[in-house]
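# Coordinate inspection notes
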Amino acid sequence: DGMMVISKFGVEAMRQAGKRVVLCHPGVDANEFHPATWQEKIELRKKAGIPENAFVVGMFCVNQGRKNIPGTLDGFAEFCKDKPEALLYLDMDKESGAGWSIPKTIQQMEFDPKRVLFRETVAKALPSLRDRYCILDIQSLMSFREGFGLPILEAMACGIPNIAMDWCSGTELLSDGRGFLVPAIKDSKGQSYMPRGTWGGARDMHPDLPSYINILNIAYSNPGLRQRMAETGYAFAKE
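Residues numbered from 1 in each chain as written. Predicted model: local features only at pLDDT ≥ 70, side-chain atom pairs only at ≥ 80, totals over all residues. Heavy atoms only, no water.

## Considering the sheet that holds strand β3 (residues 55–60)
- Strand order in the open sheet formed by 6 strands is β5-β4-β3-β6-β7-β8, with parallel pairing between adjacent strands. The sheet terminates laterally at β5 (116–118) and β8 (180–182), the two strands that pair on one side only. Averaged over all pairs of adjacent strands, the angle between their axes in this sheet comes to 25 degrees, without regard to strand direction.
- Pairing between strand β7 (residues 162–165) and β8: 3 bridges, direction parallel. Within β8, the position partnered with methionine 165 by the bridge is valine 182. (Pairing = 2+ DSSP bridges. Helix = DSSP H or I, 4+ residues; strand = E, 2+ residues; numbered from the N terminus. Axes fitted to C-alpha atoms, helices over the stretch in contact; angles between N-to-C directions.)

## Side note on the packing of aromatic side chains
- The tally for this structure, following the rule as stated, stands at 9 aromatic pairs.
- Aromatic side chains phenylalanine 33 and tyrosine 133 sit 6.2 Å apart centroid to centroid with 70 degrees between the ring planes, which places their arrangement in the edge-to-face category. Linking phenylalanine 33 in the loop between β2 (22–23) and α2 (38–48) with tyrosine 133 in helix α6 (residues 129–133), this pair joins segments that are 100 residues apart in sequence.
- For phenylalanine 33, a relative accessible area of 10% puts it in the buried group.
- What links up through ring pairs into an aromatic cluster is the set Phe55, Phe76, Phe79, Phe111 and Tyr220.
- Between lysine 83 and the ring centre of tyrosine 220, over which it is positioned, the NZ or CZ distance is 5.3 Å.
- Directly above the ring of phenylalanine 236 sits arginine 178, whose terminal nitrogen or CZ lies 4.2 Å from the centroid. (Phe/Tyr/Trp six-rings, centres within 6.5 Å; stacked < 30°, edge-to-face > 60°. Buried < 20%, exposed > 50% of the residue type's maximum accessible area, 1.4 Å probe, protein only. Lys NZ or Arg CZ within 6 Å of the ring centre and 35° of its normal.)

Set out below in structure tokens:
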């Protein structure tokens, strides 16, 4: 009888295709996803074997092509060179036919595998998805494209700030001070570089790696800014 899509980006994309659709945003249960106190965060990290003073960047998603996991690894590998306390937590499968063999990718990068933690280990200590969000300092979702990006909203509800592409629903979720937005690569003419990806030739937007690394450094160096974004994002998620 009709169609609904899950983001304002989707409404506009369908309008451009000559189709009228209704917006129906996803939501999260704020009783299930909620912030941890600092003391609880310390205790959760202890259970997971993560040092109290670690700076933990997380990525929660399925290991599949459009999620741009290698781009996240590239950015983190450069960011963490002078930060021995920095760790990357990937809440996903290590191996996927629809994505990457992440251990092999790390090996090819000649990057210390001890700096990357995986769900298969952490979830043994922390089976609750909410608890795993709460060990983070920031979440980074560098997808080439997102219909909505539910992990962003889940992290917001847990009081965790986010980084995403300034594209698709990333812009929608993190604008107005709700998070950090990474610009896209431009070609020599200043146009967006948008090769055709998987899933029916959908157009992929690629993040500008130096900008991503710079944003990671800004987030790392400004805990007050992270806190303000976390508070703004939490208020948004509760709506």
